[in-house]
Every structure is written in C-alpha cells, then in structure tokens.
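So the chains spell out like this:
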Amino acid sequence: MVSTRGWIERVHHQADALPAAALHVPEQDGPAPHVLQSETVAPAAETVGASDERRDAETYSRLQQLFQIDLFRVLDWLRGGAIWIVALAVFGAVAGYSVTIFVKPRFIAGIDILLDPANLRVVSNDIFSENMQRDTKLLDVDSKLRVITSGNVLGRVVKDLKLYADPEFAGASSKDPANDALTTLAKRVVARRDERSFIVNVAVWSNNPDKSVDITNAVVTSFQEELAKAESEGAGRAASALIARLDDLKVEVTKAESNVEQFKRERGLQSVSGELTSTLMSQQTNTQLIEARARLIQAETRYNELVATDPRNQMNAASLQSETMTMLRTQYSTLKQRMTSQSAVLGPNHPVILTLTPQVKALEDQISAETGRIVQAAKTELDQARTALKLLNSQANQMATSVFDDSASQIQLRELEREARAKAAVYEAFMARAGEAAQRQQIDATNVRIVTPAVAPANRSFPPRGYLLAAAGGMVGLFLGLVVAVLLGLWRDYRYLSEDREEAYA
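Residues numbered from 1 in each chain as written. Predicted model: local features only at pLDDT ≥ 70, side-chain atom pairs only at ≥ 80, totals over all residues. Heavy atoms only, no water.

A.B. asks: Hey, could you go over the overall build of the chain for me, with residue numbers and the actual values?
C.D. replies: What the chain contains, in helices and strands, is 14 helices and six strands. Going through the 506 residues of the chain one by one, you find that 31% of them count as buried. Considering only contacts within the chain whose residues lie at least 6 apart along the sequence, 80% involve residues at least 24 apart. Of the roughly 32500 Å² of accessible surface on the chain, 57% is carried by carbon and sulfur atoms. (Helix = DSSP H or I, 4+ residues; strand = E, 2+ residues; numbered from the N terminus. Buried < 20%, exposed > 50% of the residue type's maximum accessible area, 1.4 Å probe, protein only. Contact = heavy atoms within 4.5 Å. Areas by Shrake-Rupley, 256 points an atom, 1.4 Å probe, with all protein chains shown as cover.)

Given below as structure tokens:
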C-alpha cells in the first residue's frame, strides 16, 4: 500500500495552526467569586454558540481537505483496492461467459418478399380497382405489412405448426396455450419494409434454427392465404350483393315487358320484325291500290280499242288479245287465199268455189262471235278493275285512320319499350357481373413473390459469442473495481481526518 504520510502531515500541520482556544476548553473548579448569576449564564451561551460555529468550520475544512484529489492520491487508492479491481474484473468475465451457458440461444430466420401493389390482372374488368398513385401504393403495401403480424395470420401459423403444444411458446402450466403461443409468436415476428421499395423483410426468432425457418415460411404462407381469403371474401360479398339485386331487377324487367305486351293488346298493336302490322297492311294496301289503278287504266285502254268504230282496228285488237282469234284469223286467211286463187282459175260459180264460200262465211261468224266475247270480257274486266279500285280506296282510307291511331299509340309504346330495354340491359349487366364476381372468387390474383427464401441461420443472433461476453463482463467488472477502490480510499482518508480531529480535541 502506498503511504499517505505526506497528505496526513499536511493535515496535521493545518490542525496545529488552529488557535489553542479552538483545541482546549479551560476547566474551572467552580464559579468565579464575586460574579452575579446573570453574568455567569451569558458567557456560557456565548461559549456554546462559538463551539457550534467552530464545529461547522471544522467540518467544512475537513470536507475541503478530503476532496483535494491529486494523481498521487488516486494512484494510492487504486493500489490499495487492487484486489477488488482484479476480483471484480475476473468475476465480470466469468459472469459474461456464463451467459452463453445459462441463456437459451436465439436464431433468426428471415425472408424477403415483394408486395407488388398491382395484383395480377386475370380478367379485363376486375372488381378491384387499381390505384396508380405512388402514395396510395405505399399505403397499400404498409397495410399488407400490418397484415403479416395480424392475429389472423399468426393464429393460422400457431394452428398449422401446433405451437400451442410447444413448450417454447406455451408453458406446461399455461391455462390458454393457444393464446399464450399467439402472444409469444407476435413478440418474435418482425416485419419491416425497405425504404423506397416494395420489398418486405419478415424475420422470426426461436431457440432452434430449423424451427425459425419453418415458422418464417409458415408466416409467409399464411399471409398469402390471408390476402387470397380477403380478396375471395370481397368478391363473394360483391357476388352476393349482385345476386340479391338480381331478383328485384328480374321482377322489374318482367313487369316492364308485361306492360308493353298489355299495352299492345289493349290498343290492338301487332308488330312483325319490329314494324306495326297496321303500317305493313297500309303499305300493302297502297301498293295494291297503285296496281289496281294501273289495271284499270289497262282495262279501259283495251276496252276502248275493242269498241272502236273501225272494224279493222277492232279485228286487230281482238286478234292481239286471244289465241282463239289468232287461230280463226289464220284459218280465215288461208281459206280466203284458197278461194281467191280458185276463183281466178275456176270462176265464181264453180262447185269448189261454192263449197269454200260457206266455210269462209262460217269463219267470219266465228270471228265476230269471238270478237263479241272478247269485248264482253274486256267490259267485265273493266268493271272488276273499277270495283277493286273502289274497294281498295275504301280500305286505304280505313288503314290511314288506323295507322294514325296506331302511330299515336306507338309513341307511348316506344316509351314503354325503352323502359323495358333499359331495365333489361341493367339486369343483363348485373347478371354478367355476378357471374364474373362468382368466378373471381375462385381465382387468387395476389401478387406476392418470394425474393429471398428463408435459410437456417448458421450462428445464433443472441447471446453473442462467449469471448465477446467475457470481454464485456471483464470491462464492466474492471470499472466497478475501480469505483470500489476509489470509494474505499475516500473512506480511509475520511477516517484518518476524523481520528486526527478527535486527537486534537483530546
């Protein structure tokens, strides 16, 4: 031990410098003669007050001397407490290394996944809208990041891996193993997103490296299932809502179409290929009317030709209108030529000529009869054409009135048909959308891709290596030893000062 003689001698020198009155109090055998009682009490009170002030001054002087620290005193203290310094340093090193023995190791397994906000576009008109703004995408990724550590995901992991039966996650004395395992797992799962990217790192630690990998993979798988389930439930809700609405739309469409048919029956509106029957009949009547007028003109022209005063024209007109007349005229011309040629050779009284003359006369009578028949037929045809035209005119007038009435009714009919078509279009759109939503419910369109798979860690993450803990424990023990050595040195010096003051008062 280093001697503190020099420092103690300075203390003694300062103590010797104090006045004798401060060190010794004179003793008296009795009260001084010829002194009043009041005079005796007053000096005593002054002596007590002076003693308290002297003691305060001595205490302050003692503390001031105690904390006058220099390098030699510190070295003296450290050498005096060398045993404590070495002992605590060794104890700290041993304690640090023992952490690796008594503390269970932790192994962290991590996996990197890409959470692309743009899901797979499996249908052209998906029921989930796609947001292209960057802030919205980041919010979407952060929301999915929160889902990774949600109770649904971790609860599925606890159930799939049966962590409720694992002593590491649920103790043997646990009253609710599933809840305790879920709470423990939630504390061991960490998910964070890399800055300026959609890459998310999921890390899980446990006391076994292979178990850490299994839990990490199970968390990611459960997360994917949760996203798919969320989208499936969303599509299912949309499909259910659409299907529930389809019943009401079907009733509305049926009612609208019934109103259209009922209106047609009440107004007598019939349509063919989208055109009213009255309109078609009116068009046909107009066409027939035009044709009847044309036939009337032809019949009048033919009749006028037949009743012409010129017999030659009459014969020509008749021959043009009858095959019988043509045949008779042919026979008449042939017989006429024969009779003319024979008359020139044989004479008019020849028996041959006399035989041919009655034949010619008979043909002329037949031609006249045929001509009369043709004229009568032309007259009949003319009368029929006039009657038909009159009937068609009457029908055309009636059709015109019906068309005007139907046109006025058709305005209301078109309004009813437009309403029915609009409701039918909405009904068909909802029906098609409900079918798409029902099929979309069966499709997993989540775009989650594993970038870096989980690998069993080669080294534990906690506690650190034994030599590092031993070095850290030794440093802490060394520091504590230095503190203890300094405090012991201060205590020894304080005791020296106290003993010197007592000797001085003695």
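What follows picks up the thread again.
A.B. asks: Explain unusual backbone geometry to me, using residue names and the numbers behind them.
C.D. replies: With phi around 55°, Lys162 is a residue other than glycine that occupies positive phi space. Turning to its location among the elements, Lys162 is positioned in the loop between helix 7 (151-161) and helix 8 (177-188). On the basis of relative accessibility, which here comes to 53%, the residue Lys162 falls in the exposed class.

A.B. asks: Explain the pattern of salt bridges to me, and be specific about the residues and the numbers.
C.D. replies: Per the counting criterion, the structure on display carries twelve salt bridges. Salt-bridge contacts for Arg156 lead to Glu225; the nearest nitrogen and oxygen are separated by 3.6 Å. Taken together, the residues Arg156 in helix 7 and Glu225 in helix 9 (residues 209-267) connect sequence positions 69 residues apart. Looking at Arg156, the relative accessible area reads 18%, which means it is buried. One salt bridge connects Glu415 with Arg418, and the closest N-O pair in it is separated by 2.8 Å. On the criterion of helical spacing, the pair formed by Glu415 and Arg418 is a turn pair, its members being three residues apart in helix 13 (residues 351-440). (Salt bridge = Lys/Arg side-chain N within 4 Å of Asp/Glu carboxyl O.)

A.B. asks: Report on the nonpolar core, specifying residues and quantitative values.
C.D. replies: In terms of nonpolar packing, the biggest core is built from 29 residues, with Ile113, Leu185 and Val219 touching the most fellow members. Taken together, the elements giving at least two residues each to this core come down to strand 1 (107-115), helix 6 (134-148), helix 7, helix 8, strand 3 (199-206) and helix 9. Top contributing element to this core by residue count: helix 9, with seven residues. In contact with Ile113, not counting residues within four places along its chain, are Ile148, Phe198, Ile199, Val200, Val202, Val220, Phe223, Val448, Arg449, Ile450 and Val451. By size, the runner-up hydrophobic cluster in this structure holds 24 residues, among which are Met325, Leu335, Ile353 and Leu363. (Core = buried A, V, L, I, M, F, W, Y, C linked by side-chain atoms within 4.5 Å.)

A.B. asks: I'd like a rundown of the packing of aromatic side chains, residues and numbers included.
C.D. replies: In this structure the tally under the stated criterion is zero aromatic pairs. Arg106 extends its terminal NZ or CZ atom over the ring of Trp205, reaching a point 4.0 Å from the ring centre. In this structure, Arg188 packs its charged tip against the face of Trp205, placed 4.0 Å from the ring centre. (Phe/Tyr/Trp six-rings, centres within 6.5 Å; stacked < 30°, edge-to-face > 60°. Lys NZ or Arg CZ within 6 Å of the ring centre and 35° of its normal.)

A.B. asks: An account of the pairing of strand 1 is needed here, citing residue identities and associated values.
C.D. replies: The side chains of a regular strand alternate between both faces of the sheet. In terms of burial, strand 1 is a largely internal element, seven of the nine residues being buried. Pairing of strand 1 with strand 3, which is carried by eight bridges, proceeds in the antiparallel orientation. Bridge pairing in strand 3 places Ala109 opposite Val204. Where strand 1 meets strand 6 (residues 448-452), four bridges bridge the pair, whose relative direction is antiparallel. Across the sheet, the residue bridging to Ile113 is Ile450, located in strand 6. (Pairing = 2+ DSSP bridges.)

A.B. asks: Which residues make up the side chain of Asp112, and what values go with them?
C.D. replies: Looking at the element boundaries, Asp112 is found in strand 1. The side chain of Asp112 is buried and forms no salt bridge, while Arg192, the nearest opposite charge, is found at 7.5 Å. Filtering out sequence-adjacent residues up to four positions away, Asp112 remains in contact with Ile199, Val200, Asn201, Arg449, Ile450, Val451 and Thr452. (Lys, Arg positive; Asp, Glu negative; His and termini not counted.)

A.B. asks: With reference to specific residues and values, describe a nonpolar patch on the surface.
C.D. replies: Residues Tyr97, Ile101, Phe102, Val103 and Phe462 make up a contiguous nonpolar surface patch of about 540 Å² in total accessible area. Topologically, Ile101 is positioned in helix 5 (residues 82-102). (Patch = residues over 30% accessible without salt bridge, like charges linked within 9 Å, V, L, I, M, F, W, Y side chains within 5 Å.)

A.B. asks: Help me get a handle on the environment of Ala299, residues and values and all.
C.D. replies: Considering the arrangement of structural elements, one finds Ala299 in helix 10 (residues 277-306). Counting along the chain gives 87 residues from Ala299 to Arg386, while the straight-line C-alpha distance between them is 9.2 Å. Sequence-distant contacts of Ala299, that is, excluding residues within four places in its chain, are made with Glu381, Leu382 and Ala385.

A.B. asks: Explain the environment of Glu415 to me, and be specific about the residues and the numbers.
C.D. replies: We classify Glu415 as partly exposed; its relative accessible area is 45%. Spatially, the C-alpha atom of Glu415 lies 9.2 Å from that of Val260, the residues being 155 residues apart in sequence.

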